[in-house]
Amino acid sequence: AADCDGLIGVTALLAAPGVGKTHLCDDIARLDATLPLVLDGEQLFVDGDNRHLLAVPVTFANGGMQWTPKSHESAALAVWPRVELLVRVVFAHFVGVDRRSDDRFAAVARAIAPQLPRELTVRHVLDALAYDRAQALGVTEDTIHVLLVVDELLSACDSNKVYRDAVDALHNARRGCVVSTLEQTPVLRGEQVGGGATAQPDRTGSRRPLRWLPMPMLDTFAWCKANGVRDETQKRLYVLSSGHPRTMQFVREVISKQPDAPATAIVGAVNDKRTDRSPHAAQPFLWAALANVPLPLRTAGHTPTAFATAVQAGVLINGVRTAFNQQLPPAVPLVSLFDVLDVAEPWLRALPQLVWTLVDKLDGKAFERVHVLRTAAMFVLHRMARDTDFHMDTGGEQLSTLQLFSDEPTGANVLFGGAHFLHVPAGSTIEEMSIDVHQAQGIVHTVTDNLWTAPDGGWTHARDGDQLLPRRGAGGGGGAAGGDDKLALLKPLRLVYTTYDTNEAFDSAVVVPTTAGTPHLVLFENKFSRGDAKNKFTSDDMLLKVRKARTRLDELFGDEKYKEHLFREAGIGGEKQVTLCFVVLRKHSVAVETLKKQLRKAHNATPIAFNVVLLDHAALVQHYGDTLAPSVALCEHVLDASTISAATLAGAAGAVARTE
């Protein structure tokens, strides 16, 4: 459509690799010749006949061609970019779009290019095609609309020249142009009129209207419903694709060929299909992806960063936001995290465990496991990213010590962003507390016992029933026989998670080494707040749990029978070394300021010497980011369900044993 100045606009399809730009371009080029196109209730073409629309598809999906003319070839080939779009238009219309390789096209193009008059332009060709179509239909030329569809503009040898040649053909209201690109191209962004550097442009440099059509990731639950996917395990596998259409296609292909295959085989086969986008290439971006830390797309010299190159290669699945931001957090499909065990150091075992939690072990406690596994992985990922100076290589913020909590939404050196500091006793350093992760091993000890007590034989390992974490003097002093899984002490940065139903006030815990030299204990209480009044997590509920924690901590540090408790033996000597952190999924009725007042009142009556922090739903969504968003959706899906049969939870036998 033309604007008030008579300038014809350009439409840009915007999406990451594998989201469907090429598919949509093909659909535009294959419009049914008899199906009426309607806009705002009016047919677009005479008598609803789509033959009045001539779509000319051109693709650079296999990359532009750069070759030197042979001695006997025309000198015109020495300036190949000048005629690249022209030759592709001619080739596509008379021969057809060939996506198999550029070798065949190159051979034909070498024959076509020397025969084209030097003054010939894309505008001339499109006008000629319109005239030819009008003659075939027996209509006047002014009823024919020509739409030039340029797929993967950025892959052209000279995208600037190709773009200028394309828009040069838009000389009247019956000409249109659609381009597809994985990001807001320098061609268009550099011509932006008005707005800041990160604003969405609505004009090109020649002041043509510019309309963006962003293509986001799919809503996998809605897609499964629309496509009749009822099997719970299959549904979760689609969700693990993170809504990335190409990865979803891989899942569908594998399931269709192996409908009875265990989840392990399906995930393995899907990742085999993603070999060119393997965790080897994604690994440097995992800290930023799982911490939702933005990275720059361009260097100070305006060249693509390693991050931008990974997006273009399909290693990452960043989508529509590349149009409007110079920086954004990397995103990877959750399913690919399973294979990270094969390419990274063994301490990243928490990531494949997280994947299997969402497929094989998805139940009412899934949210607790996802949180503890993510936390374990984040310690290791921050250390790995810091040691490689990756952020500095891409122009990002330098990594240093890791801040435990921050009220800022996210940060390159923040573990838990968006935190609400509900109660911070005098002298506490929790708001600035930093920890040293150089010894992080990403290990989670899962036990079945109450972690407030200290059984004589030790805590029971949930996987094999062995005794874990025996006290000194109970089961072998400094450690019982049987390997590293049996520890006399809870080592720093190793999380312990209990499946005990009534472990008051917390579900998991970790001792963190602070940069000040004093260990600190963080107790995590995970809650899912349903929408109904009966199941909402309220400020009264939170206050009750704080009181229970205070009672238990008073016993732990005041009673000599607990002197060999794993927390005390880890160097935790009192409540000032403790933080109780509530992690709440979904909406709740906790009024933060009201709760702060309630805690102050309770503290004045009976001192609360430990910190109380809240990570609410907004904080989780923020610091989980696009990569872990599907895990939140799956946990909500299960926790909202009234019943989940054992059959729907059938996954791969031995999956947990493999990852642990």
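Within the protein chain, the regular secondary structure consists of 22 helices and 21 strands. Counting only residues that meet the buried cut, the protein chain has 53% of its 660 residues in that class. A total accessible area of about 27,500 Å² is found for the protein chain, and carbon and sulfur atoms account for 49% of it.

One can describe the packing of helix H9 (residues 245–257) onto helix H10 (residues 263–273) by two numbers: an axis separation of 9 Å at closest approach and a directional angle of 130 degrees. As the angle between them shows, H9 and H10 are arranged oblique. Taken as a pair, H9 and H10 cross one another with a handedness that is right-handed. For the pair H9 and H10, contact is made by Thr-247, Phe-250, Val-251, Glu-253, Val-254 and Ile-255 and by Ile-266, Ala-269, Val-270 and Lys-273, respectively. Each residue belonging to the contact of H9 with H10 can be placed in one class, and the counts come to 7 nonpolar, 1 polar and 2 charged.

With that out of the way, let us pick up a negative patch on the surface. A cluster of acidic residues, Asp-407, Glu-408, Glu-431 and Glu-432, forms a negative patch on the protein surface. In this fold, Glu-408 is placed in the loop between strand E10 (402–405) and strand E11 (414–416).

Before going further, it helps to spend a moment on the sheet that holds strand E21 (residues 611–615). The strand order E12-E21-E20-E19-E18-E17-E14 describes an open sheet built from 7 strands, whose pairing is mixed. The open sheet has two edge strands with one neighbour each: strand E12 (420–423) and strand E14 (444–447). On average, each strand axis in the sheet is inclined to that of its neighbour by 25 degrees, with strand direction left out of account. Relative to E21, strand E20 (residues 578–585) runs parallel, the two being bridged by 5 bridges.

With the rule as written, the count across this model stands at 11 salt bridges. Residues Lys-21 and Glu-152 are paired through a salt bridge, measuring 3.6 Å at the closest nitrogen-oxygen approach. Residue Lys-21 is found in helix H1 (residues 21–29), and its partner Glu-152 is found in the loop between strand E5 (145–151) and helix H5 (159–168); the two are separated by 131 residues along the sequence. Each of the two residues, Lys-21 as well as Glu-152, counts as buried. Lys-596 is the partner of Glu-593 in a salt bridge, and the nearest nitrogen-oxygen pair spans 3.6 Å. Of this pair, Glu-593 and Lys-596 both sit in helix H20 (residues 592–605), 3 residues apart, roughly one helical turn. With relative accessibility at 52%, the residue Glu-593 sits in the exposed group.

Direction vectors running N to C along helix H18 (residues 539–558) and H20 enclose 30 degrees, while the axes themselves pass 10 Å from each other. For H18 against H20, the interelement crossing comes out right-handed. The residues of H20 that touch H18, namely those facing Ser-539, Asp-540, Met-542, Leu-543, Val-546, Arg-547 and Arg-550, are Leu-595, Gln-598, Leu-599 and Ala-602.

This next bit is on the environment of Val-90. Checked against the element boundaries, Val-90 lands in helix H2 (residues 80–94). Spatially, the C-alpha atoms of Val-90 and Ala-113 are 9.9 Å apart, while their sequence positions differ by 23 residues.

One pair of aromatic rings is described through two measures. These are the centre distance and the angle between the planes. Counting across every chain of the model gives 6 aromatic pairs. With centroids separated by 5.6 Å and ring planes inclined at 65 degrees, the aromatic side chains of Phe-416 and Phe-524 adopt a geometry described as edge-to-face. Of this pair, Phe-416 sits in strand E11 while Phe-524 sits in strand E19 (residues 519–528), and the two are 108 residues apart along the sequence. Judged by its relative accessible area of 1%, Phe-416 is buried. Taking 5.1 Å as the distance between ring centres and 90 degrees as the angle between the ring planes, the aromatic pair formed by Trp-452 and Phe-506 counts as edge-to-face. One end of the pair, Trp-452, is in the loop between E14 and strand E15 (459–460); the other, Phe-506, is in the loop between strand E17 (495–498) and strand E18 (508–513), with 54 residues separating them in the sequence. Across the pair, exposure class does not vary: Trp-452 and Phe-506 are buried alike. Taken together, the ring pairs connect Phe-405, Phe-416 and Phe-524 into an aromatic cluster.

Assignment of secondary structure puts Ala-591 in the loop between E20 and H20. Ala-591 gets classed as partly exposed once you look at its relative accessible area, which sits at 37%. Ala-591 sits 53 residues away from Thr-538 along the chain, and the two C-alpha atoms are 8.3 Å apart.

The rules we used
- Residues numbered from 1 in each chain as written.
- Predicted model: local features only at pLDDT ≥ 70, side-chain atom pairs only at ≥ 80, totals over all residues.
- Heavy atoms only, no water.
- Helix = DSSP H or I, 4+ residues; strand = E, 2+ residues; numbered from the N terminus.
- Buried < 20%, exposed > 50% of the residue type's maximum accessible area, 1.4 Å probe, protein only.
- Areas by Shrake-Rupley, 256 points an atom, 1.4 Å probe, with all protein chains shown as cover.
- Axes fitted to C-alpha atoms, helices over the stretch in contact; angles between N-to-C directions.
- Parallel < 35°, antiparallel > 145°, perpendicular 65-115°, else oblique.
- Left-handed = near helix turned anticlockwise from the far one by under 90°.
- Contact = heavy atoms within 4.5 Å.
- Nonpolar A, V, L, I, M, F, W, Y, C, P; charged D, E, K, R; others polar.
- Patch = residues over 30% accessible without salt bridge, like charges linked within 9 Å, V, L, I, M, F, W, Y side chains within 5 Å.
- Salt bridge = Lys/Arg side-chain N within 4 Å of Asp/Glu carboxyl O.
- Lys, Arg positive; Asp, Glu negative; His and termini not counted.
- Charge placed at Lys NZ, Arg CZ, Asp CG, Glu CD.
- Pairing = 2+ DSSP bridges.
- Phe/Tyr/Trp six-rings, centres within 6.5 Å; stacked < 30°, edge-to-face > 60°.

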